Amino acid sequence: MKKRLFTSVVLAAALSFGALTGCGSTEASSANEAADQTAEVKEETQTEAAPADSADAGDKTITVGATPVPHAEILDNIVKEVLAEDGWTLETVVFSDYVLPNTSLEQGELDANYFQTLGYMNQQNADAGLHLTAVAGVHIEPMGIYSQKYTSLEDLPDGATIGIPNDPDNGLRGIDLLVQKGLLVSNGGFGTDANYTEDSLTNDKEANPHGYVITPLEAASLPLSLPDLDAATINGNYALEAELPAKYPALDIEEFDAETTVKRTNFLVVKQGNEESEKTKALIKALTSEKVQAYIDETYKGAVITSFIDAE
């Protein structure tokens with residue numbers, strides 16, 4: 001773009017000079033000089049552009065953002081190997097939260113990310129003005145109810161403090177899990193009524209007859225906050241990262257039907273417009289391969305479940 005601007009300036013200067021000095025040999029000389037400079041600039045531009053075009057065509061490195069466990073583990077321990085079989089190099093960028101992987105993808109710093117559900121992606125698109133799209137479902141991490149103080153749901157006392165994620169999609173997921181396991185009668189108006197908050201549910205005797213204190217916290221902080229809570233609904237990746245299944249096995253975990261399987265699947269996500277790129281196709285092929293399924297089954301033994309479904 002700078003070269004083209006310089007060319008325009010050169011031509012404009014030459015024409016102005018000719019107009020001021022009149023016709024004849026001065027005008028011809030100026031025109032010839034401008035033509036020579038234009039040709040030189042054009043040649044330089046083409047020479048400089050050629051290596052960049054060649055580099056783009058030969059780019060075989062795919063950069064994917066992911067949270068540490070299990071996403072980055074799956075990428076680094078098996079997907080990298082599968083991609084290498086087709087000549088691709090995988091670079092994994094690890095994030096400790098759910099926000100930066102999406103903003104980094106939006107800004108073009110990543111080719112894809114792998115950590116989120118459709119609901120969370122859609123919420124982020126709406127709230128943050130992002131332009132992301134899911135291209136393939138990979139796995140489910142069942143959300144669990146964890147506690148360091150109690151070993152069964154029946155032991156939870158009335159008025160127990162129960163933590164849930166504070167983002168809308170995972171917060172509702174946590175409430176739905178509490179309903180599914182009988183701790184709550186219903187979710188009240190949580191997730192459907194904007195004025196119905198966690199405090200509303202805490203004080204709703206019909207939906208919450210045991211008076212559990214519903215406490216929203218940032219999803220990644222829930223394992224660290226567990227000593228201060230009676231229980232918490234924790235996303236599978238954060239539970240695995242904190243080694244909760246080994247130290248404090250879940251009191252219970254989610255169950256899935258056809259609808260919730262789609263809702264809870266973690267998807268490979270790209271920026272809109274890149275759905276059919278060679279990098280995206282290579283990632284889909286690798287992430288939904290039999291080798292990846294075998295790795296997930298053998299490594300996580302039910303704490304992570306393969307869910308190879310289309311994004312539609």
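Rules of the game
Residues numbered from 1 in each chain as written. Predicted model: local features only at pLDDT ≥ 70, side-chain atom pairs only at ≥ 80, totals over all residues. Heavy atoms only, no water. Helix = DSSP H or I, 4+ residues; strand = E, 2+ residues; numbered from the N terminus. Buried < 20%, exposed > 50% of the residue type's maximum accessible area, 1.4 Å probe, protein only. Contact = heavy atoms within 4.5 Å. Phe/Tyr/Trp six-rings, centres within 6.5 Å; stacked < 30°, edge-to-face > 60°. Lys NZ or Arg CZ within 6 Å of the ring centre and 35° of its normal. pLDDT = per-residue confidence, 0-100. Pairing = 2+ DSSP bridges. Axes fitted to C-alpha atoms, helices over the stretch in contact; angles between N-to-C directions. Expected span 1.5 Å × (residues − 1).

**Structural notes on the overall build of the chain**
And then number 1: Helix and strand content of the chain: 13 helices and eleven strands.
And then number 2: Classification of the 312 residues of the chain by burial places 44% in the buried group.
And then number 3: For the chain, restricting intrachain contacts to residue pairs at least 6 apart in sequence, the fraction spanning at least 24 positions comes to 75%.

**Remarks on the packing of aromatic side chains**
And then number 1: Evaluation of the coordinates by the stated rule reveals five aromatic pairs.
And then number 2: Taking 6.2 Å as the distance between ring centres and 80 degrees as the angle between the ring planes, the aromatic pair formed by Y295 and Y300 counts as edge-to-face. Each of the two residues, Y295 as well as Y300, counts as buried.
And then number 3: Through a chain of ring-to-ring contacts, three or more aromatic side chains come together here, namely Y98, F115, Y120 and Y238.
And then number 4: The side chain of K60 reaches across the aromatic face of W88, ending 3.7 Å from its centre.

**As for the confidence of the model for the chain**
And then number 1: Summary statistics for the chain give a mean pLDDT of 85 and a share of 82% for residues scoring 70 or more.
And then number 2: Scored below 50 in pLDDT, residues 1-56 makes 17 contacts in the model with residues more than four places away or belonging to other chains.

**Topic: the sheet that holds strand β11 (residues 305-306)**
And then number 1: Taken in spatial order, the six strands line up as β2-β1-β3-β10-β4-β11 in an open sheet, and their pairing is mixed. At either margin of the open sheet sits one strand with a lone partner, and together these are β2 (89-94) and β11.
And then number 2: Relative to strand β10 (residues 265-271), strand β3 (residues 112-116) runs antiparallel, the two sharing three bridges. Bridge assignment links Q116 to a residue of β10, and that residue is F267.
And then number 3: This element, helix α3 (residues 68-84), spans β1 (61-66), β2, β3, β4 (132-140) and β10 of the sheet and lies at about 170 degrees to β2.

**Observations regarding α3**
And then number 1: Between the first and last C-alpha of α3 there are merely 21 Å, a value that for 17 residues lags more than 12% behind the 24 Å anticipated at 1.5 Å per step.
And then number 2: Those residues of α3 lying buried are P68, V69, P70, H71, A72, I74, L75, I78, V79, V82 and L83.

**As for the side chain of N266**
And then number 1: Examined against the element boundaries, N266 turns out to sit in strand β10.
And then number 2: On the accessibility criterion, N266 (4% relative accessible area) is buried.
And then number 3: Each residue touching N266, except ones within four places of it in the same chain, is listed here: H71, F115, Q116, T117, A136, G137, V138, H139 and E141.

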